[in-house]
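# Observations on the model geometry
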Amino acid sequence: MLKNIISLFLLVSVALSSSFAAKKGAIVPREKKHAAIENAAAAKMVAQTGLRKSSPNQGSPMDITWTLMDSMANVYGTSSPAINPLVYDPWSNSLAMIHRGHAGYSSSSGTMWYGYSLDEAATWSRSSQLNADIPTFGRYPSSTFSNPTHSTNAGDMIYEYSYPQLNPSAFGYLAFGLDPFMAGTPFSTEWAGQNNYSSQTWIAPSDDGQTNLYFFAELGTDSIAFWRTVDQGGTWTEHHIFSTETGLTAIYDERIRCVGNTIHVELLCQHTNTGGDAGPIVSALTKSTDNGETWSDIEVVDWRTIPALSVYDDWGTKDGRVSHDFIVDANHHEHMFYSLQDTAGTAWDIVEVYRTATGWDASIIAPRTGSFKPGFAALTQSDNEIGVAIDKDGGFIALKWIDAPVEGDSVDTDIFMRCKRLSDNTWTPIMNVTQTQNPDGREMSTHIAPYLKKDGENLTAYLAKSEQLAAVVDDSLNDTQPCAIWAGKFTWMHIVGVVERESGLPRQHALYTNYPNPFNPATKISFDIATPSNVSLKVYDITGQEVATLLSGYQQAGKFEVAFNASGLSSGVYFYTLQAGEFSATQKMLLSK
């Protein structure tokens, strides 16, 4: 059935609904503004690559390994936190990313292509052009896999995509399509039935074994069109409109996440329940358990009412862009991630707002630096690029964002991550994934695939970013020049007892004497990891028999400590050994009961 899809004529039936016009709130810049800049600059664009970098951030030895995936005519192809171009399928272990073209292999910058990898981002292949059969005015694409049977064979999947289409001078149309994964036989459709679609879409598959997929497209400033297919992209319909009828007065972003037979929807908006255009930006939630036929009443989550967030009074952004993300765990509990601030200047943090069995709670994830500089040249539409991923079983969440490495640095930008285990609500320490040590090291246009890979105790996130192809200093970066897309992976181990004991990077690996020593029954062991390494920390008895493994897996650089509880062991002398790459050290401790 899957392969027959390519022979279908994509029939689109649309249920038209009226939309309403209302004024946006205070934070208004969106991709529309920057697309206009891009269009004006298109005539000056040149198809030159300059000196291509062999790898990004060559002066950063602690960076993760990046692989050149492809190139684009300019940085705008993926520079929005409101799209999902990078996708990972945990059942077939496959990756793909949709992007716009480059003059070296494409007729225009509005063509759509995708690359795919079957070896976890180590190597990439380019598929054929996706929109060769329609006008090539595509912008800001999103994509996903349709794998309803959870097949381990990548060839059984369908690659699905959606994106806004210029009309051709401004945003207004939509385009969507499919390609049997890696087949290079795509079929795309332009939808010009309405001419007021905005500059982003978000696409997601169902999670109930059915062939359903869904995507959102903004209509004007305060309505959202919900599109649906029940036959893996054979036919699409604009099935529902969320608008002022449900209390929305302005919409800034939207997400779809599916768990089981439930479609969870988050609309980031201003709402009549919280003051309308004069009120804060909040999350409005709804869900459907019948494939979008009916929807629950809108639930407005006002973060100001959560005690843990009482210090904050406004959304935090450096460039006017609303950056956030949304995920749903295996218990159907929603998790929203925002950047909030106290306008008096006492706090500016990334936070998590999440549902519990009894209501809503929140956690402060990370402080933001005041010196962080988002974007470059005319590209100022992404802020700190918040993104979130979850493992296929819904037990772990990983959050990704960008920020300056340290307060006061307004040149460099790094990718940071934290991971949460949902069973006990524990977060790892903040992990600087790229650890830039290079004056030209600015991580930007970053994305995280919505699924994590879980292999035993190890978790892996798949990441992508864009950089100008020419090796130039930061001040010479140009948003209209050709750029490269890089992809990589970051693997870590979620160990509850390991915490970052102090900030900063050590100069060398080290293992310290535990404290207290002697102990009964608990003690803490401190160690330093100078460079990201595969690390093990194990405890042995006096005979050399291993009695405990405290850490085993990839560990980011930093200064850490781990708790060890020996309540199940007998009194006596024990040894603990740290191995990190070529480094090995052993210390002695005394358990005295």
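Residues numbered from 1 in each chain as written. Predicted model: local features only at pLDDT ≥ 70, side-chain atom pairs only at ≥ 80, totals over all residues. Heavy atoms only, no water.

## Topic: the environment of V311
Where we set the bar: Per the convention used, a helix needs a DSSP run of H or I reaching at least four residues, while a strand needs a run of E reaching at least two, with both numbered from the N terminus. For this analysis, residues touch if any pair of their heavy atoms sits within 4.5 Å.
For V311, the location among the structural elements is in the loop between β18 (299–301) and β19 (314–315). Not counting residues within four places of it along the chain, the set of residues in contact with V311 comprises D342, T346 and A347.

## Quick look at the packing of aromatic side chains
Note the following rule: Here a pair means two rings of Phe, Tyr or Trp (six-membered ring of Trp) with centres within 6.5 Å. Their orientation is stacked below 30 degrees between planes, edge-to-face above 60, and tilted elsewhere. When the NZ atom of lysine or the CZ atom of arginine is within 6 Å of a ring's centre and also within 35 degrees of its normal, the charge is said to sit over that ring.
Going through the model one piece at a time under the given rule, you end up with 27 aromatic pairs. Ring pairs connect the aromatic residues Y114, Y116, F145, Y159, Y161 and F181, which therefore count as one cluster. Sitting over the face of the ring of Y105, R126 holds its NZ or CZ atom 3.6 Å from the ring centroid. A cation over a ring is seen here: K420 above Y354, with NZ or CZ 3.9 Å from the ring centre.

## Considerations on the sheet that holds strand β3 (residues 86–89)
Threshold: Strand pairing is defined by DSSP finding a minimum of two bridges between the two strands.
Spatially, the 4 strands line up as an open sheet ordered β3-β4-β5-β6, and their pairing is antiparallel. The open sheet has two free edges, formed respectively by β3 and β6 (125–126), since each of these has just one partner strand. Bridge analysis of β3 against strand β4 (residues 94–100) gives 4 bridges, and the strand direction is antiparallel. Across the sheet, the residue bridging to D89 is S94, located in β4.

## Here's the deal with the environment of Q555
With respect to the helices, strands and loops of the structure, Q555 is situated in strand β37 (residues 546–555). Spatially, the C-alpha atoms of Q555 and T491 are 8.3 Å apart, while their sequence positions differ by 64 residues.

## Some thoughts on the nonpolar core
Across soluble globular proteins, nonpolar side chains have a tendency to be buried as a group. Here is the rule we go by: Throughout this description, the term nonpolar core refers to a set of buried Ala, Val, Leu, Ile, Met, Phe, Trp, Tyr and Cys residues connected via side-chain atoms within 4.5 Å. Partly exposed residues are those whose accessible area sits between 20% and 50% of the maximum for their type, while under 20% is buried and over 50% is exposed, using a 1.4 Å probe and protein chains only.
L511, F527, L537, V539, L550 and F564 are the most contacted members of the largest nonpolar core, which totals 25 residues. Those elements that provide at least two residues to this core are β35 (522–529), β36 (533–540), β37, β38 (558–565), β39 (572–580) and β40 (583–591). Of the residues forming this core, the biggest block, 4 residues, is contributed by β39. Those residues in contact with V539 that lie beyond four places of it in its chain are Q545, E546, V547, A548, L550, F564, Y574, F575, Y576 and M589.

## Observations concerning the pattern of salt bridges
Quick reminder of the rule: We define a salt bridge as a contact between a side-chain nitrogen of Lys or Arg and a carboxyl oxygen of Asp or Glu at a distance within 4 Å.
Inspection of every chain in the model, using the stated rule, returns 20 salt bridges. R355 is the partner of E299 in a salt bridge, and the nearest nitrogen-oxygen pair spans 2.7 Å. Taken together, the residues E299 in strand β18 and R355 in strand β22 (residues 348–355) connect sequence positions 56 residues apart. With its nearest N and O atoms 3.3 Å apart, the salt bridge here joins E467 to K465. Residue E467 shares its accessibility class with K465, and that shared class is buried.

## What about the side chain of D302?
For the record, the criterion: Pairs of N or O atoms are called polar contacts if they sit within 3.5 Å, as long as, within protein, a hydrogen donor faces a hydrogen acceptor (for residues adjacent in sequence, only side-chain-to-side-chain pairs).
Relative to the assigned elements, D302 resides in the loop between β18 and β19. Among the polar contacts listed, one links the side chain of D302 to the side chain of R304, at a separation of 2.8 Å. For D302, the residues in contact, after removing those within four places along its chain, are T274, P280 and V282.

## A closer look at the sheet that holds strand β10 (residues 187–191)
Formally: An axis is simply a line fitted to the C-alpha atoms; with a helix, the fit covers only the stretch in contact. Between two such axes, the angle follows the N-to-C directions and lies from 0 to 180 degrees.
The 4 strands lie next to each other as β7-β8-β9-β10, forming an open sheet whose pairing is antiparallel. A strand with exactly one partner marks an edge of an open sheet, and here the two such strands are β7 (142–146) and β10. With strand direction ignored, the average angle separating the axes of adjacent strands in the sheet is 20°. The pairing of strand β9 (residues 171–180) with β10 spans 5 bridges and is classified as antiparallel. Its bridge partner lying in β10, A175 is registered against E190.

## Some details on the pairing of β4
Two faces, one strand: in a regular strand the side chains alternate between the faces of the sheet. Counting buried positions along β4 gives 7 out of 7 residues, so the element sits mostly inside the fold. Residue alternation in β4 divides its side chains into two sets, S94, A96, I98 and R100 and L95, M97 and H99, and both sets are buried. Following β3, the chain reverses through 4 residues before pairing antiparallel with β4; N93 in that reversal takes a positive phi of roughly 60°. Here 6 bridges tie β4 to strand β5 (residues 112–117), and the two strands are oriented antiparallel to one another. Note that in β5 the partner of I98 across the bridge is Y114.

## Brief notes about the side chain of S323
When you line up the elements, S323 lands in the loop between β19 and β20 (325–328). Engagement of the side chain of S323 in a polar contact is seen with the backbone nitrogen of I386, the distance being 2.9 Å. Here S323 is in contact with P81, W315, F337, Y338, S339, S382, D383, N384, E385 and I386, once residues within four sequence places are set aside.

## Points about the pairing of strand β2 (residues 66–72)
Taken across its 7 residues, β2 has 6 buried, putting it largely inside the fold. One ladder, built from 6 bridges, connects β2 with strand β32 (residues 483–493); its direction is antiparallel. Its bridge partner lying in β32, L68 is registered against W486.

## Quick notes on unusual backbone geometry
Cis geometry is adopted by the peptide bond preceding P168, which originates at N167 and carries an omega value of 5°. Mapped onto the fold, P168 is located in the loop between β8 (158–166) and β9. Between N520 and P521 the backbone carries a cis peptide bond, its omega angle lying at -10°. Residue placement: P521 occurs in the loop between β34 (510–511) and β35. Here H332, not a glycine, exhibits a phi torsion of approximately 65°, which is positive. Position of H332 among the secondary structure elements: in the loop between β20 and β21 (334–341). Within the chain, S445 stands out as a residue other than glycine whose phi angle is a positive 50°. S445 gets classed as buried once you look at its relative accessible area, which sits at 3%.

## Notes on the confidence of the model for the protein chain
Test applied: The pLDDT value expresses, per residue, how confident the predictor is, ranging between 0 and 100.
Averaged over all residues, the pLDDT of the protein chain is 84; the fraction at 70 or higher stands at 86%. Confidence drops under pLDDT 50 across residues 1–55; counting only partners more than four residues distant or on other chains, this segment forms 141 contacts.

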